[in-house]
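A structural walkthrough
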Amino acid sequence: MQTRRGRTAGRPFLALAAVLIAMAGSAAQAKAEAAAPIATKASEDFWIGDFAALERKNAQLRESGGYTPEGRAKLDLFREELTSVFDHDARPREPYLRELDALTLQWTTQYPQSALAHILHAKSLFAHGWSYRGNGMAHQVPPQAWKDFESYLRSAMKYLNDHGEVALSDSYAHVTLLDIGRGLGFSQKQRDVIVQDGLKRNPRDLNLYAVASLALLPKWGGDSGTLDKYIRQAAAQTRAEHGASLYASLYWEAAVHQYGHALFDGSQADWPTMKQGYEDILARSPDSVSQRNRYAYFACLAKDKMTLLEQLEKIGTRLDTAEWGANGERILERCQRLASEA
């Protein structure tokens, strides 16, 4: 019997993959390889069509969990790297997305009892739909593109529902449903049901809260009050194990995806609670450069000069302007001036 890799070798996907791998040798990827070999291996296995390796790693990470020294959940990094394959800006895009649809569907026929195979096919349909919508403002999307976008998202949702007995055994399916639901306008009640069912499958999957919170941002039709209520409820639900960590993490997501440097002006984020959240995060991951930089950045936004000074001293030369929001280099300069003022 041929191996999985052998059966795939003749597919046009692999010819395309060889080009994409050659294109991926950027400084950003080199940094990712050094920081997250698990994640890098995931994308490589996806490129060459080694689904069996992906299945083994997914099962291992679901079972053992664990965090990197940077405080990132290894399972989240694995998933992010899988998503990078769908998000890759290949040109022309349509043949690439069709090939991903075909490849992931092939995996579902070869591994019908694999939740991951079914989830990846749904994610492929989701990515295909999003390619029609694009990342611009809603009013910039042509009417036909909206129809294609919604059609693919509904197909992805139907696929997960039709294969729910297998797919929904993995909380990654619930994360994918939340992404789909944000595009289709799921209600808060629907999102809550998805999150709680996902937590039954994997109580450690805090990414469920993060993805659900995005739908509450103003740009998705939410508001700051509803977002704050949700974040506080999520933090309370996880406080016994994580303290205020989730509160800080979810408001960091809100800053990245909506509020930026105006987090404390535009949202209802409470700095003392957020500060405690970063203390809790760094108690677990004291060597995390990214989290230490985020802590200092938010202290600056909150005009908490003492905390800013403390964190800049602990950061020393390990400054990472990527964690200081948009135009991070200039923001850091401004915050350093604040720290130096008498």
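It should be noted that the structure appears before, not after, this text.
In this report, the structure presented in the accompanying data block is examined.

Conventions we followed
What you see as residue numbers is a count from 1 along each chain, following the sequence as written. Totals for whole chains, interfaces and linings use all residues, but because this is a predicted model, local features are given only for residues with pLDDT of at least 70 and pairs of side-chain atoms are given and counted only at 80 or more. Think of the side-chain values as coming from all heavy atoms in the structure, minus any hydrogens and water. Where helices and strands are cited, they refer to DSSP runs of H or I of at least four residues and of E of at least two residues respectively, numbered from the N terminus. Relative accessibility thresholds used throughout: buried, under 20% of the residue-type maximum; exposed, over 50%; partly exposed, between the two (1.4 Å probe, protein chains only). Throughout, a contact is declared for two residues whenever any of their heavy atoms are within 4.5 Å. Surface accessibility follows the Shrake-Rupley procedure with a 1.4 Å probe radius. Residue values consider only the protein chains on display as shielding. Convention adopted: a line fitted to C-alpha atoms gives each axis, helices being fitted over their contacting stretch, and angles between N-to-C directions are expressed from 0 to 180 degrees. When an angle is under 35 degrees it counts as roughly parallel; over 145 it counts as roughly antiparallel; between 65 and 115 it counts as roughly perpendicular; any other value is oblique. Note: crossing handedness is left-handed where the near helix turns anticlockwise from the far helix by less than a right angle, and right-handed where it turns clockwise. In the scheme used here, Gly and all other residues not listed as nonpolar or charged are polar, with Ala, Val, Leu, Ile, Met, Phe, Trp, Tyr, Cys and Pro taken as nonpolar and Asp, Glu, Lys and Arg as charged. Under this definition, polar contacts are N or O atom pairs within 3.5 Å; protein pairs additionally need one hydrogen-donor-capable and one acceptor-capable atom, and for neighbouring residues in sequence, both atoms have to be side-chain atoms. One speaks of a salt bridge when a side-chain nitrogen belonging to Lys or Arg is within 4 Å of a carboxyl oxygen belonging to Asp or Glu. What makes a nonpolar core is a set of buried Ala, Val, Leu, Ile, Met, Phe, Trp, Tyr and Cys residues whose side-chain atoms join them at distances within 4.5 Å. Any two rings among Phe, Tyr and Trp, with Trp reduced to its six-membered ring, count as a pair given centres within 6.5 Å; such a pair is stacked if its planes are under 30 degrees apart, edge-to-face if over 60, and tilted if neither. Whether a charge lies above a ring is judged from NZ of Lys or CZ of Arg, which has to be within 6 Å of the ring centre and within 35 degrees of the ring normal.

1. Observations concerning the overall build of the protein
Scanning the protein from N- to C-terminus turns up 20 helices and zero strands. Within the protein, the proportion of its 342 residues that are buried is 49%. Within the protein, contacts between residues at least 6 apart in sequence are counted, and of these 65% link residues at least 24 apart. Of the roughly 16,400 Å² of accessible surface on the protein, a fraction of 54% belongs to carbon and sulfur atoms.

2. Quick word on unusual backbone geometry
In this structure, the amide linkage connecting Arg 91 to the following residue, Pro 92, adopts the cis form with an omega of -5 degrees. Within the fold, Pro 92 resides in the loop between helix H6 (74-87) and helix H7 (93-110). Positioned with a positive phi, Asn 327 is a non-glycine residue whose angle comes to about 55 degrees. Within the secondary structure, Asn 327 sits in the loop between helix H19 (305-315) and helix H20 (328-340).

3. Structural notes on the packing of H19 against H20
Viewed as axis vectors pointing N to C, H19 and H20 meet at an angle of 110 degrees, and their least axial separation amounts to 9 Å. Accordingly, the angle class assigned to the pair H19 and H20 is roughly perpendicular. Seen from above, H19 lies across H20 with left-handed handedness. Of the residues in H20, those in contact with Lys 305, Leu 308, Leu 309 and Leu 312 of H19 are Leu 332, Cys 335, Leu 338 and Ala 339. Broken down by class, the residue content of the contact of H19 with H20 amounts to seven nonpolar, no polar and one charged.

4. Topic: the environment of Asp 223
Examined against the element boundaries, Asp 223 turns out to sit in the loop between helix H13 (207-214) and helix H14 (224-242). In this view, Asp 223 contacts Leu 216 and Pro 218; residues no more than four positions away in its chain are not counted. Of note is the side chain of Asp 223, whose polar atom sits 2.8 Å from the backbone nitrogen of Thr 226.

5. Quick notes on H13
Each turn of an α-helix holds 3.6 residues, which means side chains three or four residues apart point in the same direction. By the criterion of burial, H13 is predominantly enclosed, with seven of the eight residues buried. Listing the buried residues of H13 in full gives Leu 208, Tyr 209, Ala 210, Val 211, Ala 212, Ser 213 and Leu 214. The inward-facing, buried residues of H13 abut helix H11 (171-184), helix H12 (188-201), H14 and helix H15 (245-259).

6. Quick notes on the pattern of salt bridges
Inspection of the entire model under this criterion finds 14 salt bridges. Between Lys 41 and Asp 45 there is a salt bridge, with the nearest N and O atoms lying 2.8 Å from each other. Of this pair, Lys 41 and Asp 45 both sit in helix H4 (residues 37-48), four residues apart, which is roughly one turn of that helix. The network of salt bridges with common partners includes Arg 62, Arg 79, Asp 170 and Asp 205.

7. A few points about the nonpolar core
Counting 90 residues, the largest nonpolar core has Phe 46, Leu 263, Met 274 and Phe 298 as the members making the most contacts within it. Looking at this core, the element that brings in the most residues is helix H8 (residues 115-133), giving nine residues.

8. So, the environment of Ala 262
Position of Ala 262 relative to the elements: it lies in the loop between H15 and helix H16 (263-266). Along the sequence, Ala 262 and Leu 301 sit 39 residues apart, while their C-alpha atoms lie 7.8 Å from each other.

9. Concerning the packing of aromatic side chains
Applying the stated rule across the entire model yields 16 aromatic pairs. Judged by centre distance (5.6 Å) and plane angle (10 degrees), the ring pair of Tyr 278 and Tyr 295 falls under stacked. Of the two residues, Tyr 278 sits in helix H17 (residues 271-284) while Tyr 295 sits in helix H18 (residues 289-301), which places them 17 residues apart along the sequence. Taken individually, Tyr 278 and Tyr 295 each receive the classification buried, so the pair is uniform in this respect. The structure contains a cluster of three or more aromatic residues connected by ring pairs, namely Phe 264, Trp 271, Tyr 278, Tyr 295, Tyr 297, Phe 298 and Trp 324. Of note, Arg 284 hangs over the ring of Tyr 67, and the distance from its end group to the ring centre comes to 4.2 Å. Sitting over the ring of Trp 252, Arg 294 keeps its end group 3.7 Å from the ring centre.

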